[in-house]
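Listed here are the chains, written in short residue letters.
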Amino acid sequence: MIRSATLPLSLPEPPVSAHDRLRLFSGSANVPLAQEVARYLGIDLGPMVRKRFADGELYVQIQESIRGCDVYLIQPTCGPVNDRLMELLIMIDACRRASARQITAVIPYYGYARADRKTAGRESITAKLVANLITEAGAGRILAMDLHSAQIQGYFDIPFDHVYGSPVLLDYLASKQLTDIVVVSPDVGGVARARAFAKKLGDAPLAIIDKRRQAHNVAEVMNLIGDVSGKTAVLVDDMIDTAGTISEGARLLRREGARQVYACATHAVFSPPAIERLSSGVLEEVIVTNTIPVLEENRFKQLTVLSVANLLGETIWRIHEDSSVSSMFR
Ligand SMILES: Nc1ncnc2c1ncn2[C@@H]1O[C@H](COP(=O)(O)O)[C@@H](O)[C@H]1O
Ligand SMILES: O=P(O)(O)OC[C@H]1O[C@H](OP(=O)(O)OP(=O)(O)O)[C@H](O)[C@@H]1O
(Lines give C-alpha, C1' and ligand atoms only; values in the text may rest on other atoms or scores of the structure.)
(Ligands and ions follow the chains in the order given, each with its own letter.)
Protein backbone atom coordinates (compact mmCIF):
# COMPACT_ATOMS: atom_id res chain seq x y z
CA MET A 1 0.00 0.00 0.00
CA ILE A 2 1.31 3.41 -0.90
CA ARG A 3 1.01 5.76 2.01
CA SER A 4 0.95 9.48 1.45
CA ALA A 5 3.55 11.57 3.21
CA THR A 6 2.48 13.05 6.48
CA LEU A 7 4.24 16.35 5.85
CA PRO A 8 1.89 19.33 6.22
CA LEU A 9 0.59 20.34 2.80
CA SER A 10 1.35 23.91 1.82
CA LEU A 11 -0.91 25.53 -0.72
CA PRO A 12 0.68 27.84 -3.28
CA GLU A 13 1.06 31.35 -1.85
CA PRO A 14 -0.91 34.08 -3.62
CA PRO A 15 1.42 36.25 -5.76
CA VAL A 16 3.23 38.82 -3.61
CA SER A 17 2.63 42.39 -4.78
CA ALA A 18 5.49 44.89 -5.01
CA HIS A 19 3.97 46.76 -2.05
CA ASP A 20 4.00 43.62 0.12
CA ARG A 21 7.66 43.08 -0.70
CA LEU A 22 8.75 46.51 0.58
CA ARG A 23 10.42 46.41 4.00
CA LEU A 24 11.95 49.34 5.89
CA PHE A 25 14.43 48.98 8.75
CA SER A 26 16.24 51.62 10.75
CA GLY A 27 19.73 51.62 12.18
CA SER A 28 20.26 53.48 15.44
CA ALA A 29 21.57 56.72 13.88
CA ASN A 30 18.23 58.47 13.24
CA VAL A 31 15.19 56.45 14.31
CA PRO A 32 12.79 59.47 14.38
CA LEU A 33 13.56 60.20 10.71
CA ALA A 34 13.06 56.51 9.78
CA GLN A 35 9.73 56.49 11.67
CA GLU A 36 8.58 59.55 9.71
CA VAL A 37 9.59 57.90 6.43
CA ALA A 38 7.66 54.76 7.42
CA ARG A 39 4.61 56.91 8.20
CA TYR A 40 4.81 58.53 4.76
CA LEU A 41 4.96 55.07 3.14
CA GLY A 42 2.08 53.82 5.30
CA ILE A 43 4.10 50.91 6.71
CA ASP A 44 5.74 50.06 10.04
CA LEU A 45 9.48 49.91 10.56
CA GLY A 46 10.56 46.27 10.47
CA PRO A 47 11.39 44.62 13.79
CA MET A 48 15.09 44.35 14.47
CA VAL A 49 17.23 43.71 17.55
CA ARG A 50 20.29 45.91 17.92
CA LYS A 51 22.61 45.61 20.86
CA ARG A 52 26.18 45.86 21.96
CA PHE A 53 28.03 42.99 23.58
CA ALA A 54 30.09 43.46 26.73
CA ASP A 55 33.24 43.89 24.61
CA GLY A 56 31.69 46.66 22.46
CA GLU A 57 30.96 44.56 19.37
CA LEU A 58 27.59 45.17 17.69
CA TYR A 59 24.80 42.61 17.23
CA VAL A 60 21.90 42.90 14.77
CA GLN A 61 19.07 40.45 14.12
CA ILE A 62 16.18 41.04 11.71
CA GLN A 63 13.11 39.69 13.47
CA GLU A 64 10.86 38.70 10.58
CA SER A 65 11.31 36.82 7.34
CA ILE A 66 12.59 39.05 4.54
CA ARG A 67 13.12 36.25 2.02
CA GLY A 68 12.43 37.68 -1.44
CA CYS A 69 11.75 41.18 -0.05
CA ASP A 70 13.02 44.57 -1.23
CA VAL A 71 14.64 45.92 1.91
CA TYR A 72 15.46 49.58 2.59
CA LEU A 73 17.91 50.22 5.44
CA ILE A 74 17.93 53.80 6.75
CA GLN A 75 21.18 54.83 8.39
CA PRO A 76 22.94 58.22 8.07
CA THR A 77 26.62 57.62 8.78
CA CYS A 78 26.91 60.61 11.10
CA GLY A 79 28.79 60.66 14.39
CA PRO A 80 29.92 58.41 15.93
CA VAL A 81 30.68 57.64 12.29
CA ASN A 82 32.60 54.38 12.68
CA ASP A 83 29.87 52.81 14.83
CA ARG A 84 27.10 53.96 12.47
CA LEU A 85 28.95 52.69 9.43
CA MET A 86 29.73 49.33 11.01
CA GLU A 87 26.11 48.95 12.08
CA LEU A 88 24.98 49.64 8.50
CA LEU A 89 27.42 47.02 7.17
CA ILE A 90 26.18 44.45 9.68
CA MET A 91 22.54 45.22 8.78
CA ILE A 92 23.27 44.77 5.08
CA ASP A 93 25.09 41.49 5.73
CA ALA A 94 22.21 40.20 7.89
CA CYS A 95 19.70 41.02 5.13
CA ARG A 96 21.80 39.40 2.44
CA ARG A 97 22.16 36.21 4.48
CA ALA A 98 18.37 36.28 5.09
CA SER A 99 17.80 36.08 1.30
CA ALA A 100 16.44 39.58 0.73
CA ARG A 101 15.78 40.11 -2.99
CA GLN A 102 17.20 43.65 -3.15
CA ILE A 103 18.94 45.68 -0.42
CA THR A 104 18.98 49.47 -0.67
CA ALA A 105 21.18 51.40 1.74
CA VAL A 106 19.40 54.70 2.45
CA ILE A 107 22.16 57.03 3.64
CA PRO A 108 20.70 60.52 4.23
CA TYR A 109 24.15 61.76 5.29
CA TYR A 110 27.21 60.03 3.80
CA GLY A 111 30.06 60.30 6.31
CA TYR A 112 33.71 60.36 5.21
CA ALA A 113 32.59 62.19 2.04
CA ARG A 114 35.20 64.93 2.48
CA ALA A 115 37.96 62.32 2.08
CA ASP A 116 36.99 62.01 -1.58
CA ARG A 117 40.45 62.42 -3.12
CA LYS A 118 44.09 62.62 -2.13
CA THR A 119 44.89 66.20 -1.18
CA ALA A 120 48.40 65.21 -0.02
CA GLY A 121 50.69 62.24 -0.40
CA ARG A 122 50.08 58.99 1.51
CA GLU A 123 46.41 59.75 2.35
CA SER A 124 43.47 57.38 2.03
CA ILE A 125 40.46 58.08 -0.19
CA THR A 126 38.15 57.00 2.60
CA ALA A 127 34.93 57.88 0.74
CA LYS A 128 35.89 55.21 -1.82
CA LEU A 129 36.85 52.72 0.89
CA VAL A 130 33.39 53.22 2.44
CA ALA A 131 31.78 52.64 -0.97
CA ASN A 132 33.74 49.38 -1.35
CA LEU A 133 32.68 48.21 2.11
CA ILE A 134 28.98 48.94 1.53
CA THR A 135 29.00 47.22 -1.86
CA GLU A 136 30.97 44.21 -0.59
CA ALA A 137 28.59 43.82 2.37
CA GLY A 138 25.79 43.23 -0.15
CA ALA A 139 23.95 46.48 -0.89
CA GLY A 140 22.42 46.41 -4.37
CA ARG A 141 21.49 50.07 -4.52
CA ILE A 142 22.21 53.34 -2.70
CA LEU A 143 19.98 56.29 -1.94
CA ALA A 144 21.87 59.29 -0.53
CA MET A 145 21.17 62.98 -0.07
CA ASP A 146 23.41 65.96 -0.83
CA LEU A 147 26.76 64.21 -1.05
CA HIS A 148 29.68 66.52 -0.27
CA SER A 149 30.90 65.77 -3.78
CA ALA A 150 28.60 64.30 -6.40
CA GLN A 151 31.48 62.24 -7.84
CA ILE A 152 31.09 59.81 -4.93
CA GLN A 153 28.24 58.24 -6.92
CA GLY A 154 30.92 56.99 -9.30
CA TYR A 155 32.73 55.19 -6.47
CA PHE A 156 29.88 52.65 -6.63
CA ASP A 157 29.23 50.20 -9.46
CA ILE A 158 25.63 49.67 -8.35
CA PRO A 159 22.62 51.96 -9.03
CA PHE A 160 22.83 55.17 -7.02
CA ASP A 161 20.02 57.67 -6.51
CA HIS A 162 21.39 61.03 -5.37
CA VAL A 163 18.65 63.35 -4.13
CA TYR A 164 18.65 66.92 -2.84
CA GLY A 165 17.29 68.52 0.30
CA SER A 166 16.93 71.82 -1.55
CA PRO A 167 13.15 71.54 -2.28
CA VAL A 168 12.51 71.44 1.49
CA LEU A 169 14.86 74.39 2.18
CA LEU A 170 13.48 76.39 -0.78
CA ASP A 171 9.83 75.86 0.23
CA TYR A 172 10.63 77.15 3.69
CA LEU A 173 12.55 80.16 2.38
CA ALA A 174 9.73 80.98 -0.03
CA SER A 175 7.27 81.00 2.90
CA LYS A 176 9.36 83.77 4.53
CA GLN A 177 8.79 86.08 1.56
CA LEU A 178 12.28 87.57 1.76
CA THR A 179 13.10 90.34 -0.68
CA ASP A 180 16.31 91.44 -2.35
CA ILE A 181 17.99 88.06 -1.94
CA VAL A 182 21.56 87.29 -2.95
CA VAL A 183 22.55 83.62 -2.72
CA VAL A 184 26.09 83.11 -1.45
CA SER A 185 28.37 80.11 -1.87
CA PRO A 186 30.68 80.01 1.18
CA ASP A 187 33.48 78.51 -0.91
CA VAL A 188 34.42 77.70 -4.48
CA GLY A 189 33.49 74.01 -4.02
CA GLY A 190 29.86 74.97 -3.35
CA VAL A 191 29.28 77.20 -6.37
CA ALA A 192 27.28 74.69 -8.46
CA ARG A 193 25.00 73.97 -5.48
CA ALA A 194 24.48 77.69 -4.75
CA ARG A 195 23.87 78.49 -8.42
CA ALA A 196 21.14 75.83 -8.64
CA PHE A 197 19.60 77.23 -5.43
CA ALA A 198 19.66 80.80 -6.81
CA LYS A 199 17.98 79.65 -10.02
CA LYS A 200 15.09 78.20 -8.01
CA LEU A 201 14.80 81.51 -6.12
CA GLY A 202 13.70 83.32 -9.28
CA ASP A 203 17.23 83.63 -10.66
CA ALA A 204 18.52 85.51 -7.61
CA PRO A 205 22.04 86.96 -8.00
CA LEU A 206 24.99 84.87 -6.82
CA ALA A 207 28.02 85.82 -4.75
CA ILE A 208 31.03 83.63 -3.93
CA ILE A 209 33.36 83.66 -0.94
CA ASP A 210 36.99 82.79 -1.47
CA LYS A 211 37.68 80.46 1.47
CA ARG A 212 41.04 78.90 2.29
CA ARG A 213 42.04 76.22 4.78
CA GLN A 214 45.56 76.43 6.23
CA ALA A 215 44.81 73.39 8.42
CA HIS A 216 42.05 70.82 8.85
CA ASN A 217 38.93 72.31 10.45
CA VAL A 218 40.26 75.89 10.19
CA ALA A 219 38.37 78.09 7.73
CA GLU A 220 39.72 81.46 6.66
CA VAL A 221 37.67 83.71 4.39
CA MET A 222 39.63 85.94 2.06
CA ASN A 223 37.50 87.82 -0.46
CA LEU A 224 33.97 88.21 -1.67
CA ILE A 225 33.12 88.00 -5.35
CA GLY A 226 29.82 89.76 -5.96
CA ASP A 227 27.68 92.46 -4.33
CA VAL A 228 25.72 91.91 -1.11
CA SER A 229 25.35 95.52 0.03
CA GLY A 230 21.86 96.25 1.41
CA LYS A 231 20.70 92.74 0.51
CA THR A 232 19.44 89.66 2.31
CA ALA A 233 22.29 87.18 1.93
CA VAL A 234 21.48 83.47 1.94
CA LEU A 235 24.52 81.27 2.49
CA VAL A 236 23.97 77.80 1.03
CA ASP A 237 26.11 74.79 1.92
CA ASP A 238 25.88 71.00 2.06
CA MET A 239 26.84 70.78 5.73
CA ILE A 240 27.70 72.76 8.81
CA ASP A 241 30.41 70.99 10.78
CA THR A 242 32.38 73.23 13.16
CA ALA A 243 30.57 76.22 11.57
CA GLY A 244 33.87 78.00 10.85
CA THR A 245 32.89 78.33 7.18
CA ILE A 246 29.40 79.68 7.85
CA SER A 247 30.24 82.01 10.75
CA GLU A 248 33.35 83.49 9.10
CA GLY A 249 31.36 83.81 5.86
CA ALA A 250 28.48 85.56 7.63
CA ARG A 251 30.89 88.02 9.30
CA LEU A 252 32.41 88.88 5.93
CA LEU A 253 28.96 89.41 4.41
CA ARG A 254 28.01 91.78 7.26
CA ARG A 255 31.25 93.71 6.77
CA GLU A 256 30.39 93.97 3.08
CA GLY A 257 27.03 95.54 3.96
CA ALA A 258 24.53 92.66 3.89
CA ARG A 259 21.32 93.69 5.70
CA GLN A 260 20.79 90.23 7.17
CA VAL A 261 22.39 86.82 6.70
CA TYR A 262 20.59 83.47 6.58
CA ALA A 263 22.36 80.10 6.45
CA CYS A 264 20.87 77.03 4.75
CA ALA A 265 22.52 73.61 4.88
CA THR A 266 21.23 70.08 4.52
CA HIS A 267 23.41 68.34 7.09
CA ALA A 268 23.70 69.61 10.68
CA VAL A 269 26.96 67.88 11.67
CA PHE A 270 27.43 70.43 14.48
CA SER A 271 30.84 69.53 15.95
CA PRO A 272 32.04 71.85 18.74
CA PRO A 273 32.23 74.84 18.73
CA ALA A 274 29.45 75.02 16.07
CA ILE A 275 26.65 75.96 18.47
CA GLU A 276 28.54 78.90 20.05
CA ARG A 277 29.48 80.17 16.57
CA LEU A 278 26.00 79.82 15.08
CA SER A 279 24.16 81.37 18.03
CA SER A 280 26.49 84.39 18.35
CA GLY A 281 23.96 86.67 16.63
CA VAL A 282 25.74 87.11 13.30
CA LEU A 283 23.08 84.97 11.61
CA GLU A 284 19.41 85.86 11.39
CA GLU A 285 18.44 82.19 11.06
CA VAL A 286 20.18 78.85 10.55
CA ILE A 287 18.04 76.47 8.50
CA VAL A 288 19.03 72.78 8.39
CA THR A 289 17.30 69.44 7.84
CA ASN A 290 16.98 66.32 9.95
CA THR A 291 19.26 64.01 7.89
CA ILE A 292 21.31 64.00 11.10
CA PRO A 293 19.37 64.19 14.38
CA VAL A 294 19.83 67.53 16.17
CA LEU A 295 20.22 66.89 19.90
CA GLU A 296 18.01 68.93 22.24
CA GLU A 297 21.10 70.53 23.83
CA ASN A 298 22.25 71.67 20.36
CA ARG A 299 19.08 73.64 19.62
CA PHE A 300 19.29 77.43 19.79
CA LYS A 301 16.98 80.36 19.14
CA GLN A 302 17.95 81.00 15.52
CA LEU A 303 17.82 77.31 14.49
CA THR A 304 15.10 75.83 12.27
CA VAL A 305 15.14 72.10 11.52
CA LEU A 306 13.09 70.95 8.53
CA SER A 307 12.16 67.36 7.78
CA VAL A 308 13.27 65.53 4.65
CA ALA A 309 11.21 62.45 5.59
CA ASN A 310 8.50 62.94 2.95
CA LEU A 311 11.10 63.58 0.29
CA LEU A 312 12.97 60.38 1.22
CA GLY A 313 9.70 58.45 1.51
CA GLU A 314 8.58 59.59 -1.94
CA THR A 315 11.99 58.66 -3.38
CA ILE A 316 11.86 55.19 -1.83
CA TRP A 317 8.36 54.72 -3.23
CA ARG A 318 9.45 55.77 -6.71
CA ILE A 319 12.51 53.49 -6.62
CA HIS A 320 10.27 50.66 -5.52
CA GLU A 321 7.72 51.37 -8.26
CA ASP A 322 10.42 51.83 -10.92
CA SER A 323 9.33 55.40 -11.61
CA SER A 324 11.41 58.51 -12.18
CA VAL A 325 13.28 60.07 -9.26
CA SER A 326 14.87 62.95 -11.19
CA SER A 327 11.43 64.35 -12.14
CA MET A 328 10.93 65.21 -8.44
CA PHE A 329 13.63 67.88 -8.77
CA ARG A 330 12.75 69.61 -12.04
N1 LIG B 1 35.83 64.75 8.30
C2 LIG B 1 36.61 65.76 7.90
N3 LIG B 1 36.60 66.93 8.56
C4 LIG B 1 37.36 67.96 8.16
N5 LIG B 1 38.17 67.93 7.10
C6 LIG B 1 38.22 66.76 6.43
C7 LIG B 1 37.44 65.64 6.79
N8 LIG B 1 37.70 64.65 5.91
C9 LIG B 1 38.61 65.11 5.05
N10 LIG B 1 38.92 66.37 5.37
C11 LIG B 1 39.88 67.25 4.72
O12 LIG B 1 39.15 68.26 3.99
C13 LIG B 1 39.88 68.61 2.85
C14 LIG B 1 39.05 68.33 1.64
O15 LIG B 1 39.07 69.44 0.90
P16 LIG B 1 37.98 69.70 -0.24
O17 LIG B 1 38.26 71.08 -0.68
O18 LIG B 1 36.64 69.52 0.41
O19 LIG B 1 38.20 68.67 -1.27
C20 LIG B 1 41.14 67.75 2.82
O21 LIG B 1 42.20 68.44 3.39
C22 LIG B 1 40.75 66.58 3.70
O23 LIG B 1 41.84 65.95 4.30
O1 LIG C 1 31.53 73.95 9.28
P2 LIG C 1 32.94 73.73 8.84
O3 LIG C 1 33.76 73.01 9.89
O4 LIG C 1 33.61 74.94 8.34
O5 LIG C 1 32.89 72.67 7.65
C6 LIG C 1 31.89 72.68 6.68
C7 LIG C 1 32.47 73.08 5.36
O8 LIG C 1 33.48 72.13 4.96
C9 LIG C 1 33.16 71.59 3.70
O10 LIG C 1 33.77 72.29 2.68
P11 LIG C 1 35.35 72.18 2.39
O12 LIG C 1 36.11 73.10 3.28
O13 LIG C 1 35.74 70.76 2.42
O14 LIG C 1 35.47 72.84 0.96
P15 LIG C 1 34.79 72.53 -0.42
O16 LIG C 1 33.30 72.74 -0.26
O17 LIG C 1 35.40 73.56 -1.32
O18 LIG C 1 35.12 71.13 -0.82
C19 LIG C 1 31.66 71.77 3.58
O20 LIG C 1 31.21 71.79 2.24
C21 LIG C 1 31.40 73.07 4.29
O22 LIG C 1 31.59 74.16 3.44
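Everything numeric in this text was worked out from a predicted model, so none of it was measured.

Definitions and limits used
Residues numbered from 1 in each chain as written. Chains lettered and ligands numbered in written order. Predicted model: local features only at pLDDT ≥ 70, side-chain atom pairs only at ≥ 80, totals over all residues. Heavy atoms only, no water. Pairing = 2+ DSSP bridges. Helix = DSSP H or I, 4+ residues; strand = E, 2+ residues; numbered from the N terminus. Axes fitted to C-alpha atoms, helices over the stretch in contact; angles between N-to-C directions. Buried < 20%, exposed > 50% of the residue type's maximum accessible area, 1.4 Å probe, protein only. Contact = heavy atoms within 4.5 Å. Near = heavy atom within 4 Å. Polar contact = N/O pair within 3.5 Å; in protein donor to acceptor, adjacent residues only side chain to side chain. Areas by Shrake-Rupley, 256 points an atom, 1.4 Å probe, with all protein chains shown as cover. Parallel < 35°, antiparallel > 145°, perpendicular 65-115°, else oblique. Nonpolar A, V, L, I, M, F, W, Y, C, P; charged D, E, K, R; others polar. UniProt positions renumbered as here; feature names shortened; annotations may be inferred.

**A few points about the sheet that holds strand 13 (residues 285–289)**
Here is step 1 of the chain: Read from one edge to the other, the open sheet built from seven strands follows the order 10-9-8-11-12-13-14, with strand pairing classed as mixed. Here the strands that pair on one side only, and so sit at the sheet edges, are strand 10 (218–225) and strand 14 (303–306). Taken over all neighbouring pairs, the strand axes of this sheet differ in orientation by 25 degrees on average, direction set aside.
Here is step 2 of the chain: The pairing of strand 8 (residues 181–185) with strand 9 (residues 206–215) spans three bridges and is classified as parallel. Within strand 9, the residue paired with Val184 across the bridge is Ala207.

**Digging into helix 5 (residues 166–175)**
Here is step 1 of the chain: Where helix 5 is concerned, the buried positions are Val168, Leu169, Leu170 and Leu173.
Here is step 2 of the chain: Those residues of helix 5 that are buried are in contact with helix 6 (191–200), strand 11 (232–240), strand 12 (260–268), strand 13, strand 14 and helix 9 (309–320).
Here is step 3 of the chain: Positioned one or two residues after helix 5, Gln177 has a phi angle of 50 degrees, which is positive.

**As for the site of ligand 2**
Here is step 1 of the chain: As a matter of local geometry, ligand 2 sits amid 14 residues, with Arg213, Asp237, Asp238, Thr242 and Thr245 nearest to it.
Here is step 2 of the chain: Thr242 places a side-chain nitrogen or oxygen 2.5 Å from an oxygen atom of ligand 2.
Here is step 3 of the chain: In isolation ligand 2 exposes 500 Å². Once the protein is present, 84% of that is buried.
Here is step 4 of the chain: For the shell around ligand 2, the secondary structure elements donating two or more residues are strand 9, strand 11 and helix 7 (244–255).

**A word on the packing of helix 3 (residues 81–97) against helix 4 (residues 126–137)**
Here is step 1 of the chain: It is the contact of helix 3 with helix 4, at a shortest axis distance of 8 Å, that shows an interaxial angle of 25 degrees. If you check the angle between helix 3 and helix 4, you find them roughly parallel. Contacts between helix 3 and helix 4 pair Leu85, Leu88, Leu89, Ile92, Asp93 and Arg96 from the former with Val130, Leu133, Ile134, Glu136 and Ala137 from the latter.
Here is step 2 of the chain: The residue inventory of the contact of helix 3 with helix 4, partitioned by class, reads eight nonpolar, no polar and three charged.

**Description of the site of ligand 1**
Here is step 1 of the chain: Looking at ligand 1, the residues that line it are Arg114, Ala115, Arg117, Thr119, His148, His216 and Asn217.
Here is step 2 of the chain: Taking 500 Å² as the accessible area of ligand 1 by itself, protein coverage stands at 62%.
Here is step 3 of the chain: Considering only residue class, the shell around ligand 1 consists of one nonpolar, four polar and two charged.

**Overview of the UniProt feature "binding site: Mg(2+)" (unreviewed entry) in the protein chain**
Here is step 1 of the chain: Residues annotated by UniProt as "binding site: Mg(2+)" (unreviewed entry) correspond here to His148 and Asp187. Taken along the chain, the residues just named run across 40 residues; in space they keep tight, none of their C-alpha pairs more than 12.6 Å apart.
Here is step 2 of the chain: Filtering out sequence-adjacent residues up to four positions away, His148 remains in contact with Ala113, Arg114, Asp116, Arg193, Asp238 and Met239.
Here is step 3 of the chain: Relative to the elements of secondary structure, Asp187 occurs in the loop between strand 8 and helix 6.
Here is step 4 of the chain: Of the residues examined, Asp187 reaches a relative accessible area of 13% and is grouped as buried.
Here is step 5 of the chain: Beyond its immediate sequence surroundings of up to four residues, Asp187 is in contact with Ile208, Ile209, Lys211 and Thr245.

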